[in-house]
Structures are given as structure tokens and as C-alpha cells.
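Chains, contacts and geometry: an overview
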Amino acid sequence: MLSRLTESERWKRILPLIVWVLRIVVGATFIISGFAKAHDPWGFIFKIEEYLRLWDMMQPRSLVLSAATLISSVEFLLGCMLLLGCYRRSAVWLMLAMMAVMLPLTGYIYIADPVSDCGCFGDFMHISNGATFFKNILITAALAFLAVYNSRVSGLFGAYVQWLVVVITSAYILLVSFIGYNLQPLVDFRSFPVGRSLVEDDSDDSVADEEILFVYERDGEKREFPVTALPDSTWTYVERIEPRNASASSPTQFVVLDGNDDVTASVVAPEGEEILAIIPEYDRADVSYTYLLNELNAYMAYRGGSMAAIIAGGKDDVADWTDLSMADYPVYAAEGTMLKELVRGTMALVGLRDGKILWKRTAASVDPDIFETPDTFPEFETLDFDGPRTARNFTLILISVLAVLFLLDRSGRLLRWRHKIKEIQRTHRKN
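Computed from a predicted structure; not experimentally measured.

Here's the deal with the overall build of the protein
- The number of helices and strands found in the protein is 12 helices and 10 strands.
- Within the protein, the proportion of its 431 residues that are buried is 44%.
- The contacts in the protein between residues at least 6 apart in sequence include a share of 72% that link residues at least 24 apart.
- Per element, the accessible surface of the protein, about 22,600 Å² overall, is 59% carbon and sulfur.

Set out below in C-alpha cells:
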């Protein structure tokens, strides 16, 4: 049948298929990339600050947070618009505007190699700088094609309801980002997800024989440090060097220090309940949480459990926090990047049972009043935050609302067509 058609007719039949394939592929890429960064705003903040530090352009954390939220949300929103065929011209041109920035940036990263991972897909997926650059070349080429032909193929929603699609998807991704910043990321792709044991596993002695090294930089000088001799705050963290005999899938090792001694085995209790108060950036520690921490310590003592604080710093920082917070609980040190992988937030809490992570959340999300008296003490499990289930429920609600909107839009179109047909019939009868 197609052989009998002219080239122009064949093109008209094939064009919608090509456009929809490109909409799905490019739109899904933007959606995954935007969601991966939006659901974990802290991770995206750290990546942006890593770039700014390289270029000596550090900015206030509030400004970086605003930029991280805007970039990830817009990326997700544009991916949805393209995938659903909404705002067919505007969405493509805005995506091309983003690629006009991202393509040269990833090209520079590919050539100069200032960072090992560009952070395009957050912690969800790590791809090489070269693969990222060539991916962006293909995306830009696809968007250039869609800039010409996307408006010729209709989308799933009519022009009258497109704004509702924008509002609904924007509300979804902003809510996801809000939870990720104030509680924890809905889905944890890092080295310490809920369920992992922090108790040292001696089964893999081949990896344990070699130390993990950390590269720090000061005044243009880069130096490697073992975990037991980390430098002071005048040095800037660059990267971590894993043991040569550790596989790429090997999880990050959890190491806690007391001075220069590795005390992980004594800090993480193999039995019972425990809360770890984590401060991944000591220079941003908020002393207003000291009351909550002392109440938590009393709560754990009442339950027969234990509590400890772990900060990213040296001996002086540990002593300073102990005095400042009037801590009745022990305070230890650890490498800052490892703590950022464990939990998000300027100060966060990790609940352990028998050495396994039971829950994680920011200290700001916990009401200190519930720990004032035993009558108001919550059960240990009730502090849990089930991120994956929340993400699934929110996504199902989004899809359901869009499906209902699609059906209402189609029904409205059908009613409008019927009305037009009746008008035409009336006109013919009059004539």
C-alpha cells in the first residue's frame, strides 16, 4: 500500500510516528533527569556548589537552593509537556534554550574533566562525562527536528486544558522537591538506604585490607589523606579514591572516628535501638537543635537504647560541639562526604535497630515536644518515613488526575464536534 503512495504522502504518514517516538524518548529523558534532581534537592545543591567551587564562584546556600529547585522543576515540567504534546512550540524552544547552556557545559566537562560525574541524573544513574556530552548532542539534534515538525502533530490534550496540565505537573514536582529538602529524598539511590546494616562486615577481607583515600585541595595543592588522618577545614574536599580491588558496585564503607581511632564497631550497636545525630557540614550546624538532641538522648535512655552524634570535622570540632550543646551523649567525627551519602540535611537523624537503618529524617521535621514526657513518647517505628511508598502514591495520583483530565477533554471535544455538526445541518436545511 505504501509503495503506491508518493514521497510526500509517505512522509505525511511516517511523520507522526517519528514525532511521537522523539517526544517519548526526549521527554522521558528530561523527566527522569528532572525528577532525579528534584526529589533530592540536597544532592543537586552539593553538585552545583562543587561546580561553583571549581570556578571560585561560591554563592549563598539560599540562592543555590532556589536555582536547584528551579532548574530541576523546569526540566521535569518541559519533559512532561513534550511527552504529552502540550505547548508544542514553546516546550521545544525552551528545551533548546536549556541545551544551548547544557551542551557547551558538558562539552567543557568532557574535555577538561574537572569532575568525575556531571550529576545530570543525580544519584539515580552515573554515566561518564563523554557519554553525557554525546547524549546531549543527540538530544539537541532531536529537538532541532521537533522545532520544525512538532507543531504539525497534535498532542494528547487540547489547547483549552494545557494550562491545567502545567499546573498539575508543577504542583507534583514542587511537592516532591519540598519533601526531599525538608524530610528526605523519596527514593534513596545512595550507599546507605533504609535496610542496610552499618555493622562492619568482615566477610570481604580483600577490600578491607586497603584504605579508602580522600583527596583534598588547598591553595592549588592536592593531597591524599586516609580516613584516620583527615585535614582541617582549610582544605577543600575533591574526591574519594576507592580501593583498587573494590568493585564499582561496592557500597561506601561507614567509618566513625574518635580522634584518629576507628571506633565504628563500638559506636554502631549490633543489638538494640540507636539514634545517630548526623551533622554533615559542621560550619552550618544549628545550635537551636541542641534541645531536641538532649530530649532524644533522654528518650533513648528511657527505651533502653543509645544515642550518639557524628559530625564532619576534627578533634577541635568535636570538643566544640560537645561544649556548645552540653551533650550528655558521645560525639564522634567522620568524613563529610560519607555523612552526606548517609542522610540529607544540615542536621539529620538516623534510627538503627540491631545495626540496620530503620528510618532517616531531618532534625527539622521532628517535633521536640513529643519527647518531653514519657506520656507523649512515640514508638520508635513511628518516626519512620516511607519515601518509596509516598513516591508511588503521589505518582499514581498524578497519572490518575491526568487520565481524568484527558477523558474530560476528549469528551468536551466530542461534544463540540457534535454541536458543530448540528449547526451545519441546520444551515443546510435553511438553504
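Thoughts on the pairing of strand S2 (residues 221-226)
- As paired strands, strand S1 (residues 213-218) and S2 are joined by six bridges and run antiparallel to one another. Looking at the pairing, Tyr216 lines up with Arg223 of S2.
- Remark: two residues form the turn of the hairpin made by S1 and S2, two consecutive strands paired antiparallel; Asp219 in that turn has positive phi of roughly 55°.

Description of the nonpolar core
- Counting 28 residues, the largest nonpolar core has Leu293, Leu296 and Trp321 as its most contacted members.
- Secondary-structure elements contributing two or more residues to this core are strand S6 (273-279), helix H9 (290-303), strand S7 (306-312), helix H10 (315-325) and strand S8 (331-334).
- For this core, the element with the highest residue contribution is H9, accounting for five residues.
- Once you skip the residues sitting within four places of it in the chain, Leu293 turns out to touch Ala277, Met307, Trp321, Tyr329, Met347 and Leu349.
- Counting 24 residues, the second-largest nonpolar core is a separate cluster that includes Phe76, Leu84, Val165 and Leu402.

Describing the pairing of strand S9 (residues 348-353)
- Most of S9 is tucked away, with five of its six residues classed as buried.
- Sheet topology note: the S6/S9 ladder contains six bridges and is antiparallel. Across the sheet, the residue bridging to Glu274 is Leu352, located in S9.
- Pairing of S9 with strand S10 (residues 356-362), which is carried by six bridges, proceeds in the antiparallel orientation. Among the inter-strand pairings, Leu352 is bridged to a residue of S10, identified as Ile357.
- Counted along the chain from S9 to the antiparallel partner S10, the turn is two residues long, and its residue Asp354 has a positive phi close to 55°.

A short note on the packing of helix H1 (residues 7-38) against helix H3 (residues 61-84)
- H3 packs onto H1 with a crossing angle of 155° between their chain directions and a minimal axis gap of 7 Å. As summarised for this structure, H1 and H3 are arranged roughly antiparallel, according to the angle between their axes. Our pair here, H1 against H3, has a crossing hand that is left-handed. When H1 is examined against H3, the residues Trp20, Arg23, Ile24, Val26, Gly27, Phe30, Ile31, Ser33, Gly34, Phe35, Lys37 and Ala38 are found in contact with a partner set consisting of Ser72, Glu75, Phe76, Gly79, Cys80, Leu82, Leu83 and Leu84.
- For the contact of H1 with H3, a count of residues per class yields 12 nonpolar, five polar and three charged.

A closer look at the packing of aromatic side chains
- Within the structure shown, the criterion is met by 19 aromatic pairs.
- Ring centres of Trp11 and Phe145 lie 6.5 Å apart, and the angle between their planes is 85°; this geometry places the pair in the edge-to-face category. You can see Trp11 sitting in helix H1 and its partner Phe145 sitting in helix H5 (residues 129-149), a full 134 residues away along the chain.
- In this structure Trp11 comes out as partly exposed when scored by relative accessible area, which is 34%.

Quick notes on the pattern of salt bridges
- On inspection of all chains with the given rule, the structure shows 16 salt bridges.
- Notably, a salt bridge pairs Glu273 with Arg353, separated by 2.6 Å at the nearest N-O pair. Of this pair, Glu273 sits in strand S6 while Arg353 sits in strand S9, and the two are 80 residues apart along the sequence.
- Of the charged contacts in the structure, one is a salt bridge between Glu381 and Arg353, with a shortest N-O distance of 2.6 Å. Here Glu381 is found in the loop between S10 and helix H12 (387-430), whereas its partner Arg353 is found in strand S9, with 28 residues between them in sequence.
- Classification of Arg353 as partly exposed rests on a relative accessible area of 27%.

Topic: the side chain of Thr390
- Within the fold, Thr390 resides in helix H12.
- There is a polar contact of 2.8 Å between the side chain of Thr390 and the backbone oxygen of Asp386.
- Excluding its chain neighbours within four sequence positions, the residues that come into contact with Thr390 are Ile179, Leu186 and Phe385.

Quick word on a negative patch on the surface
- Negative charge collects at one region of the surface, where Glu200, Asp258, Asp261 and Asp262 lie side by side.
- Summarising the element assignment, Glu200 is placed in the loop between helix H6 (162-182) and helix H7 (205-208).
- Since its relative accessible area comes to 46%, Glu200 is described here as partly exposed.

A few points about unusual backbone geometry
- In this model, Asp56 sits at a positive phi of 55°, which is unusual for a non-glycine residue.
- Assignment of secondary structure puts Asp56 in the loop between helix H2 (41-54) and H3.
- Of note, the phi angle at Tyr87 is positive, near 45°, even though the residue is not glycine.
- By secondary structure assignment, the location of Tyr87 is in the loop between H3 and helix H4 (88-112).
- For Tyr87, a relative accessible area of 32% puts it in the partly exposed group.

A look at the environment of Phe406
- Residue position: Phe406 is located in helix H12.
- Along the chain, Phe406 and Val165 lie 241 residues apart, while their C-alpha atoms are 9.6 Å from each other.
- Those residues in contact with Phe406, other than ones at most four positions away along the chain, are Leu156 and Phe157.

Criteria and thresholds
- Residues numbered from 1 in each chain as written.
- Predicted model: local features only at pLDDT ≥ 70, side-chain atom pairs only at ≥ 80, totals over all residues.
- Heavy atoms only, no water.
- Helix = DSSP H or I, 4+ residues; strand = E, 2+ residues; numbered from the N terminus.
- Buried < 20%, exposed > 50% of the residue type's maximum accessible area, 1.4 Å probe, protein only.
- Contact = heavy atoms within 4.5 Å.
- Areas by Shrake-Rupley, 256 points an atom, 1.4 Å probe, with all protein chains shown as cover.
- Pairing = 2+ DSSP bridges.
- Core = buried A, V, L, I, M, F, W, Y, C linked by side-chain atoms within 4.5 Å.
- Axes fitted to C-alpha atoms, helices over the stretch in contact; angles between N-to-C directions.
- Parallel < 35°, antiparallel > 145°, perpendicular 65-115°, else oblique.
- Left-handed = near helix turned anticlockwise from the far one by under 90°.
- Nonpolar A, V, L, I, M, F, W, Y, C, P; charged D, E, K, R; others polar.
- Phe/Tyr/Trp six-rings, centres within 6.5 Å; stacked < 30°, edge-to-face > 60°.
- Salt bridge = Lys/Arg side-chain N within 4 Å of Asp/Glu carboxyl O.
- Polar contact = N/O pair within 3.5 Å; in protein donor to acceptor, adjacent residues only side chain to side chain.
- Patch = residues over 30% accessible without salt bridge, like charges linked within 9 Å, V, L, I, M, F, W, Y side chains within 5 Å.
- Lys, Arg positive; Asp, Glu negative; His and termini not counted.
- Charge placed at Lys NZ, Arg CZ, Asp CG, Glu CD.

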